[in-house]
Amino acid sequence: MEFVHPIKDIHQINRMKKLLIQQSKRDYAFFVVGINTGLRLNDLLHLKVKHVWNGQTFYDFLHVDNSDPPYFLNDNAKKALKDYIFSNHDMEPDHYLFKSQKGNLPPITRQQAYRIINKKAQEIGLTGKVGTHTLRKTFGYHAYKKGVAISLLQKIFHHSTASETLHYLDIQNDNDTVIMIDVNL
């Protein structure tokens, strides 16, 4: 497997989001959920409508595997999912969330997911290696830069050492990371 990089620049993330929403609400939701949850690609592709929405409200947490901690579904992810699901009136609870053009079964393939991400990355001029794993790495990179402890990210990514996680997130020198802990009591 080729080493891919996270998208470190927020402006590039926003440009990708802009292009993706113009292309497809499905593709936009796929990207936004991926970069905001850190889900593995296989788990992301196999999400069903019932995993995120109970028919009335969106869940706050995704439970994809009993061995993993639940994944938080933030407001950006919920909004992207809401726009996508509500624009598809034929979506049922057991339908794959990111369904292919072939109908409700199967979900988009790993290859299609790669094409969606890679094509838009090229369009905005990203020069590093980009692939589907970029979504998970982007989540981890920005979580770390916003002060999430490396030990928590290490647990999410199932890494054995903090240095492995830093390498995975393409962080060579973490000495320049300023962490502001503001409990705002």
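Further up the page is the structure itself.
Keep in mind that what you see is a predicted model, and the values were worked out from it rather than measured.

## Concerning the overall build of the chain
Okay, step 1: Within the chain one finds nine helices and two strands.
Okay, step 2: Listing every helix and strand of the chain by position from the N terminus yields α-α-α-α-β-β-α-α-α-α-α.
Okay, step 3: In summary, the chain has a C-alpha radius of gyration of 16 Å against a globular reference of 16 Å for 185 residues, a match within 12%.
Okay, step 4: For the chain, the C-alpha atoms occupy an extent of roughly 50 × 40 × 30 Å along the three principal directions.
Okay, step 5: Of all intrachain contacts in the chain linking residues separated by at least 6 positions in sequence, the fraction that spans at least 24 positions is 59%.
Okay, step 6: On the chain, roughly 10,600 Å² of surface is accessible, and the fraction owed to carbon and sulfur atoms is 51%.
Okay, step 7: Averaged over its 24 positive side-chain charges, the chain has a centre that lies 6 Å from the centre of its 18 negative ones.

## Quick notes on the nonpolar core
Okay, step 1: In terms of nonpolar packing, the biggest core is built from 51 residues, with Phe-30, Leu-97 and Phe-98 touching the most fellow members.
Okay, step 2: Considering every element that reaches this core, the biggest residue donor is helix 2 (residues 25–37), with seven residues.
Okay, step 3: The residues touching Phe-98, leaving out its near neighbours within four places in the chain, are Arg-26, Ala-29, Phe-30, Val-33, Leu-44, Leu-47, Leu-81, Tyr-84, Pro-107 and Ile-108.

## Re the packing of helix 2 against helix 6 (residues 110–123)
Pairs of packed helices are described in terms of their axes, by the angle between the two and the distance that separates them.
Okay, step 1: Between helix 2 and helix 6, the shortest axis-to-axis distance is 11 Å and the interhelical angle comes to 90°. Judged by the angle between their axes, helix 2 and helix 6 are roughly perpendicular. Residues Arg-26, Asp-27, Phe-30 and Phe-31 of helix 2 pack against Gln-112, Ala-113, Ile-116 and Ile-117 of helix 6.
Okay, step 2: Here the contact of helix 2 with helix 6 is built from residues that sort into five nonpolar, one polar and two charged.

## So, the packing of aromatic side chains
Okay, step 1: On inspection of all chains with the given rule, the structure shows seven aromatic pairs.
Okay, step 2: On the numbers, 5.0 Å between centres and 50° between planes, the contact of Phe-157 with Tyr-168 is tilted. Taken together, the residues Phe-157 in helix 8 (residues 150–157) and Tyr-168 in helix 9 (residues 162–168) connect sequence positions eleven residues apart. The same class applies to Phe-157 and to Tyr-168, which are both buried.
Okay, step 3: Just above the ring of Tyr-96 sits the side chain of Lys-48; from NZ or CZ to the centre is 5.0 Å.
Okay, step 4: The ring centre of Phe-3 lies 3.6 Å from the NZ or CZ of Lys-137, which sits over that ring.

## Observations concerning unusual backbone geometry
Okay, step 1: Not every positive phi belongs to a glycine, and His-158 is a case in point at roughly 60°.
Okay, step 2: With respect to the helices and strands, the residue His-158 is situated in the loop between helix 8 and helix 9.
Okay, step 3: Take His-158: its relative accessible area is 45%, and that puts it in the partly exposed class.
Okay, step 4: In this model, Asp-170 sits at a positive phi of 60°, which is unusual for a non-glycine residue.
Okay, step 5: Tracing the chain through its elements places Asp-170 in the segment after helix 9.

## Topic: the side chain of Arg-136
Okay, step 1: Along the polypeptide, Arg-136 turns up in helix 7 (residues 133–145).
Okay, step 2: There is no salt bridge for the buried Arg-136, and the closest opposite charge comes from Asp-43, which lies 6.4 Å off by N-O distance.
Okay, step 3: Dropping the residues within four chain positions of it, Arg-136 is found in contact with Gly-34, Gly-38, Leu-39, Arg-40, Tyr-71, Ile-156, Phe-157 and Tyr-168.

## Some thoughts on the environment of Leu-47
Okay, step 1: The residue Leu-47 is located in the loop between helix 3 (41–45) and helix 4 (49–52) in this model.
Okay, step 2: As a C-alpha pair, Leu-47 and Asp-75 span 28 residues in sequence and 18 Å in three-dimensional space.
Okay, step 3: In this structure Leu-47 touches Leu-39, Leu-62, Val-64, His-95, Tyr-96, Leu-97 and Phe-98, once residues within four positions along its chain are discounted.

## Some thoughts on the side chain of Thr-138
Okay, step 1: Take Thr-138: it is sitting in helix 7.
Okay, step 2: Reaching out from Thr-138, the side chain makes a polar contact with the backbone nitrogen of Ile-7 at a distance of 2.8 Å.
Okay, step 3: Among all residues touching Thr-138, those that are not within four sequence positions of it are Pro-6, Ile-7, Ile-13 and Ile-35.

What counts and how
Residues numbered from 1 in each chain as written. Predicted model: local features only at pLDDT ≥ 70, side-chain atom pairs only at ≥ 80, totals over all residues. Heavy atoms only, no water. Helix = DSSP H or I, 4+ residues; strand = E, 2+ residues; numbered from the N terminus. Rg over C-alpha atoms; globule rule 2.2 N^0.38 Å. Contact = heavy atoms within 4.5 Å. Areas by Shrake-Rupley, 256 points an atom, 1.4 Å probe, with all protein chains shown as cover. Lys, Arg positive; Asp, Glu negative; His and termini not counted. Charge placed at Lys NZ, Arg CZ, Asp CG, Glu CD. Core = buried A, V, L, I, M, F, W, Y, C linked by side-chain atoms within 4.5 Å. Buried < 20%, exposed > 50% of the residue type's maximum accessible area, 1.4 Å probe, protein only. Axes fitted to C-alpha atoms, helices over the stretch in contact; angles between N-to-C directions. Parallel < 35°, antiparallel > 145°, perpendicular 65-115°, else oblique. Nonpolar A, V, L, I, M, F, W, Y, C, P; charged D, E, K, R; others polar. Phe/Tyr/Trp six-rings, centres within 6.5 Å; stacked < 30°, edge-to-face > 60°. Lys NZ or Arg CZ within 6 Å of the ring centre and 35° of its normal. Salt bridge = Lys/Arg side-chain N within 4 Å of Asp/Glu carboxyl O. Polar contact = N/O pair within 3.5 Å; in protein donor to acceptor, adjacent residues only side chain to side chain.

Geometric values such as these leave the question of function open.
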